Amino acid sequence: MHYGKKASWRRQCNALGNVLLGSCHPCGCYFDTYHQSIAPDHLHHFMETVFLGAFLIPYLVFLVTCGVPLFLLETAIGQYTQEGSITCWQRLCPLAKGIGFAEQLILLYSCLSYIIILAWALFYLFFSFSSQLPWASCDNTWNTGDCVNLAARNLSLNRTTQINSTSAATEFWERRVLALSGGIEEIGKINWEILLCLIAVWIVCYFCVWKGVKSTGKVVYFTATFPYVMLLVLLIRGLTLPGALQGVVFYLYPEPARLADPQVWMEAGTQIFFSYSVCFGTLIVLGSYNKYNNNCYRDCWWLCLLNSGTSLVAGFAVFSVLGFMAQEQGVPIEEVAESGPGLAFIAYPQAVAMMPFPQLWSVCFFIMIILLGLDTQFVAVECVITSVMDVFPTVLRRAGRREIFLLLFCLTCFFGELVIVTEGGMYVFQLIENYGCNGACLLFLSVFESLTIGWIFGAERMFDIIEDMTSSRPNYIFMLCWKYFTPLVSLVSFTCSMVKYKPLTFNRWYVYPDWAYALGWLLALSSILLVPGWALGQMCAGKGSLKQRWRHLCCPDTNLPLTYKQRAERQDKTFNAEMEDLVKSN
């Protein structure tokens, strides 16, 4: 049986099992696949509010045509090749190696931006132990004359007052945490408190990842399961608040008219791609640590079901609290349902401040945010490190080289993030989030990924590989998705996102300068153009005719493990050749 180059690493973590599913996976690192596919969804769902009624149909379309098929495909690719997300394409289809480079570049952008959220959450966590939550009053040095304390029980605001005022939570976020400047042109000075929080989370991340899957697999037993406890606590608390029913109805009430809005479909696609962590290369890397005969087909179904189920539950936790907040303020729920960092750092803390024992619920919420974010950051860093090490195995697999390389990577990311912890850093953060690692880039990669496997490598061949590894043949719908549905749905969505493109704004009023938009598009195109650019470069650098170059670059590695079907065909050919030689000799 083929176990590949990672057999020694795998033996280090054979004792770790997947305690959640109760099945004996080869090591705790496949548990990473679980928490990477679930943890981002928790945080993404807390950061992005959606209308489930109108959202459900597009969500299911992307789930069936893109999410589950790509989840299985990437996990199977890693398990079969035993390679990272760059070198796996070299073995399957050298022409498509640019996909791996593009995935790692997007993952790098995610590493740069994602850990900043953890620094903010850690900052909020420190203040959660105050005798009075600082975002629950207007008596602080950073507050202005327009500040309104929405947590005050006897507060009654008319419509004009609400428009002309700013909540205490908003002022704490913009004036205390971010120290927000007037625009990206005014970078300003570094916020040293946030910088110290950033240093702290990078140190934690480094020492959790520095020994590879052996240490990470153990850490995530806590960081991947404890947030479920926090989520359950917040869910129960949210559903027992007055006004919770209003929020739940708003969450579930169907609005068929919104199905005609392309933005709803884009949000659904983005939710699937981020929550399932497809087209980031993470599933390929984590799958490469599995034994060849691990049942990744069964795992795919369980993990995807658990993922979407968690999204649904997280939605109830969010909207029950938003319903309570709307009732307390006497405003429609649409006015308190924000998206992005505003939900996690303005709306939810503001709602917590209105509850009895606000410090308790604030601590629970931000501990959950930190643990969920650490899970995602662990895996993102681990996948980048593993993928690069697979590209340069002779240099980076020597004793002590991994730790040094990881330290250099963390330091590089840290110094690259210094601009984000400045007074104008939020504008830079939003630029990276909305251009460098947005859903359109992932949709573009999914088109090439599915076309490469479906048509060049061969969907039938991949079916044989999965059957050989798992002893069960996948449903035929997966083949249809890889060849037709996934690239079609992704291409249409990508095209719509380009047609419906609107320039990025901040807080609905700040318009970025032209050079900032140019920088944003450069971030987006840096990953998108890697795929056709690599293919074109390899075609030009090859030898022979154009047809010969194409065949050579589309031919998989001859050293890949043979399936049972391929071994049988080879034995038949050998037997027939021997029989022909025997007949000729007689």
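Preceding this section is the structure that the text describes.
Keep in mind that what you see is a predicted model, and the values were worked out from it rather than measured.

### Digging into the state of the cysteines
- By the definition in use, this model includes one disulfide.
- One disulfide in the model links Cys138 with Cys147; its S-S distance is 2.0 Å. Measuring handedness by torsion sign, the sulfur bridge of Cys138 and Cys147 sits at about -75° and is left-handed.
- Judged by its relative accessible area of 13%, Cys147 falls in the buried class.
- Not engaged in a disulfide, the cysteine Cys205 finds its nearest cysteine sulfur in Cys410; these two sulfurs lie 5.6 Å apart.
- Under the relative-accessibility criterion, Cys205 is labelled buried at 1%.

### A short note on unusual backbone geometry
- The residue Gln82 is not glycine, and still its phi comes out positive at about 60°.
- Considering the arrangement of structural elements, one finds Gln82 in the loop between helix H3 (52-81) and helix H4 (87-92).
- Looking at Gln82, the relative accessible area reads 1%, which means it is buried.

### Some remarks on a nonpolar patch on the surface
- On the surface, Leu451, Trp455, Ile456, Ile477, Tyr484, Phe485 and Trp550 cluster together into a nonpolar patch covering about 640 Å² of accessible area.
- Contributions of two or more residues to the nonpolar patch are made by helix H20 (439-470) and helix H21 (476-499).
- For Leu451, a relative accessible area of 33% gives the class partly exposed.

### Section: empty space enclosed by the protein
- The tally for this structure, following the rule as stated, stands at two cavities of 30 Å³ or more.
- If you add up the space inside the largest cavity, you get close to 60 Å³.
- If you go around the largest cavity, the residues you meet are Trp120, Val177, Leu178, Leu180, Asn191, Ile194, Ile420, Val421, Thr422, Glu423, Gly425 and Met426.
- The wall of the second largest cavity is formed by Trp135, Ala136, Val148, Asn149, Leu150, Ala151, Ser167, Ala168, Ala169, Gln350 and Ala353.
- When residues of the lining of the second largest cavity are traced back to their parent elements, those giving at least two are helix H7 (168-177) and helix H15 (341-353).
- Across the lining of the second largest cavity, the residue classes break down as eight nonpolar, three polar and no charged.

### Details of the nonpolar core
- Judged by nonpolar contacts, the single largest core of 182 residues is most densely connected at Trp120, Met462 and Tyr512.
- Counting residues per element, this core draws most heavily on helix H5 (residues 97-127), which supplies 20 residues.
- Setting aside residues no more than four positions away along its own chain, Met462 makes contact with Leu73, Ala76, Ile77, Ile453, Phe457 and Trp482.

### Quick notes on the pattern of salt bridges
- In the structure shown here, the tally under the stated rule is nine salt bridges.
- For Arg91, the salt bridge goes to Glu83, with nearest N and O atoms at 4.0 Å.
- Taking the relative accessible area as the measure of exposure, Arg91 reaches 12% and is therefore buried.
- Residue Glu83 is classed as buried on the basis of its relative accessible area of 13%.
- For Arg91, the salt bridge goes to Asp557, with nearest N and O atoms at 3.3 Å. With Arg91 in helix H4 and Asp557 in the loop between helix H24 (546-553) and helix H25 (564-585), this pair connects stretches of sequence that are 466 residues apart.
- Given the relative accessible area of 28%, Asp557 is considered partly exposed.
- Sharing partners across several salt bridges, the network here consists of Glu460, Asp464, Glu467 and Arg473.

What counts, and where the lines are drawn
Residues numbered from 1 in each chain as written. Predicted model: local features only at pLDDT ≥ 70, side-chain atom pairs only at ≥ 80, totals over all residues. Heavy atoms only, no water. Disulfide = S-S within 2.5 Å. Buried < 20%, exposed > 50% of the residue type's maximum accessible area, 1.4 Å probe, protein only. Helix = DSSP H or I, 4+ residues; strand = E, 2+ residues; numbered from the N terminus. Patch = residues over 30% accessible without salt bridge, like charges linked within 9 Å, V, L, I, M, F, W, Y side chains within 5 Å. Areas by Shrake-Rupley, 256 points an atom, 1.4 Å probe, with all protein chains shown as cover. Salt bridge = Lys/Arg side-chain N within 4 Å of Asp/Glu carboxyl O. 1 Å grid on protein atoms, 1.4 Å probe; cavity = no way out; pocket = protein on both sides within 12 Å on 5 of 7 lines; lining within 4 Å. Points joined across faces, edges and corners; volume = space filled by probe spheres on them. Nonpolar A, V, L, I, M, F, W, Y, C, P; charged D, E, K, R; others polar. Core = buried A, V, L, I, M, F, W, Y, C linked by side-chain atoms within 4.5 Å. Contact = heavy atoms within 4.5 Å.

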